Amino acid sequence: QSLPQQKLLTWLSVLECVEVFAEMGTARVWGEMGRWTIIVIIQLAKAILRLLLLLWYKAGIQTSPPIVPLNREQQKPLHPQDMEDSSSGKDHTYVGRRSSRVVRSLQSTPSLQSRHWGSPQQREESQSRRAEMNQPPTPLGLQETIAESVYIARPLLHLLSLGVWGQRSWKPWLLSAVLDISSLSLLSDLKDLNRREQAELRRRTILLLYYLLRSPFYDRYSEGRILLLLRLLADYVPGVGFVTRPLMDYLPAWQKIYFYNWG
């Protein structure tokens, strides 16, 4: 990735990290008008950054979060000594004749400071994971580019529909659902996706369940049934109440935060 693209991904990740805090803080200081103003600004900024990545840098299907968190225990760098050993043709492992146990050979043992304490199999797995994360994005055709653009523009269209029809109307809820489903159906025809892109499409599909928790569907249908289910679990299943009772208290507050619910 080029340096400008990395900066765009960094800013996009920062926005996703602070959006809930910005919404709640602005609502505390400036009230509802300030809250909706900061929501529109953040969603507009995110849409612009994502469209630049999609159309200008050809970033393909974009994940959330944009920068995948680094697992430092799995993402082990390849040390210079290991590279020299591999180039010289030395064997990295030795297989016991009786136990068939694979151990690292003494010739390929790195220094104490940079020693990898896992098994050779774990090292190979970490290198394969790193190679998967560094795979280039799948090129998108016109149909897939339109589908990803629809997914990116969906928050802005939802906010616009809220301003036109109000928060109690079914039209913003239906419009958002149609856009999400249309985008997923158009992207489902894309073949040869890498593992990261497949995981992102699965995540978007699972997030369709959020429509059960989004107003006005939640206010009219889901709220009573979900709270009744949680209450039954807390009363009749031993030990579950430690989880369900705090969840019952937290769910109404969570449902009112826009970036938790719609972001």
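Shown above is the structure to which this text applies.
Below is a summary of the structure that appears in this document. Remember, predicted model here, so these are calculated numbers, not experimental data.

Examining the side chain of Arg214
- Note that Arg214 resides in the loop between helix 6 (195-206) and helix 7 (217-236).
- Among the polar contacts listed, one links the side chain of Arg214 to the side chain of Tyr211, at a separation of 3.5 Å.
- Those residues within four positions of Arg214 in sequence are excluded, and the remaining contacts are Trp173, Asp180, Gln255, Asn261 and Trp262.

Here we look at the environment of Leu186
- Among the secondary structure elements, Leu186 is positioned in helix 5 (residues 170-187).
- Relative accessible area serves as the criterion here: at 30%, Leu186 is assigned to the partly exposed category.
- Sequence separation of Leu186 and Ile146 is 40 residues, and the distance between their C-alpha atoms is 8.6 Å.
- If near-sequence neighbours (up to four positions away) are discounted, Leu186 is found in contact with Gln143, Glu144 and Ala147.

Quick notes on a nonpolar patch on the surface
- On the surface, a nonpolar cluster with roughly 570 Å² of combined accessible area is contributed by Leu228, Leu229, Leu232, Leu233, Tyr236 and Val237.
- Turning to its location among the elements, Tyr236 is positioned in helix 7.
- Note on Tyr236: relative accessible area 66%, which makes it exposed.

A short note on the pattern of salt bridges
- Under the defined criterion, the tally for this structure stands at nine salt bridges.
- Ionic pairing is found between Asp180 and Arg154, a salt bridge with its closest N-O pair at 3.7 Å. Here Arg154 lies in helix 4 (residues 142-165) and Asp180 lies in helix 5, a separation of 26 residues in the sequence. Here the two residues Asp180 and Arg154 agree in accessibility, since each one is buried.
- Linked through salt bridges whose partners overlap, the residues forming this network are Glu148, Glu200, Arg203 and Arg204.

Focus: the packing of aromatic side chains
- The tally for this structure, following the rule as stated, stands at 10 aromatic pairs.
- With a centroid separation of 5.4 Å and an interplanar angle of 85°, the aromatic rings of Trp170 and Trp173 are classed as edge-to-face. A residue pair is termed a helical-turn pair when its members lie 3 or 4 positions apart in one helix, as Trp170 and Trp173 do in helix 5 at three residues.
- For Trp170, a relative accessible area of 23% gives the class partly exposed.

Observations concerning the environment of Trp165
- When you line up the elements, Trp165 lands in helix 4.
- The residues touching Trp165, leaving out its near neighbours within four places in the chain, are Lys171 and Pro172.

So, unusual backbone geometry
- A cis amide bond, omega 5°, links Ser64 with the succeeding residue Pro65.
- Tracing the chain through its elements places Pro65 in the loop between helix 1 (3-56) and helix 2 (80-88).
- In this chain, Ser215 is followed by Pro216 through a cis amide linkage whose omega measures 5°.
- Within the fold, Pro216 resides in the loop between helix 6 and helix 7.
- Although it is not a glycine, Lys58 sits at a positive phi angle of roughly 50°.
- The residue Lys58 is located in the loop between helix 1 and helix 2 in this model.
- Even without being a glycine, Asp192 presents a positive backbone phi close to 60°.

Conventions we followed
Residues numbered from 1 in each chain as written. Predicted model: local features only at pLDDT ≥ 70, side-chain atom pairs only at ≥ 80, totals over all residues. Heavy atoms only, no water. Helix = DSSP H or I, 4+ residues; strand = E, 2+ residues; numbered from the N terminus. Polar contact = N/O pair within 3.5 Å; in protein donor to acceptor, adjacent residues only side chain to side chain. Contact = heavy atoms within 4.5 Å. Buried < 20%, exposed > 50% of the residue type's maximum accessible area, 1.4 Å probe, protein only. Patch = residues over 30% accessible without salt bridge, like charges linked within 9 Å, V, L, I, M, F, W, Y side chains within 5 Å. Areas by Shrake-Rupley, 256 points an atom, 1.4 Å probe, with all protein chains shown as cover. Salt bridge = Lys/Arg side-chain N within 4 Å of Asp/Glu carboxyl O. Phe/Tyr/Trp six-rings, centres within 6.5 Å; stacked < 30°, edge-to-face > 60°.

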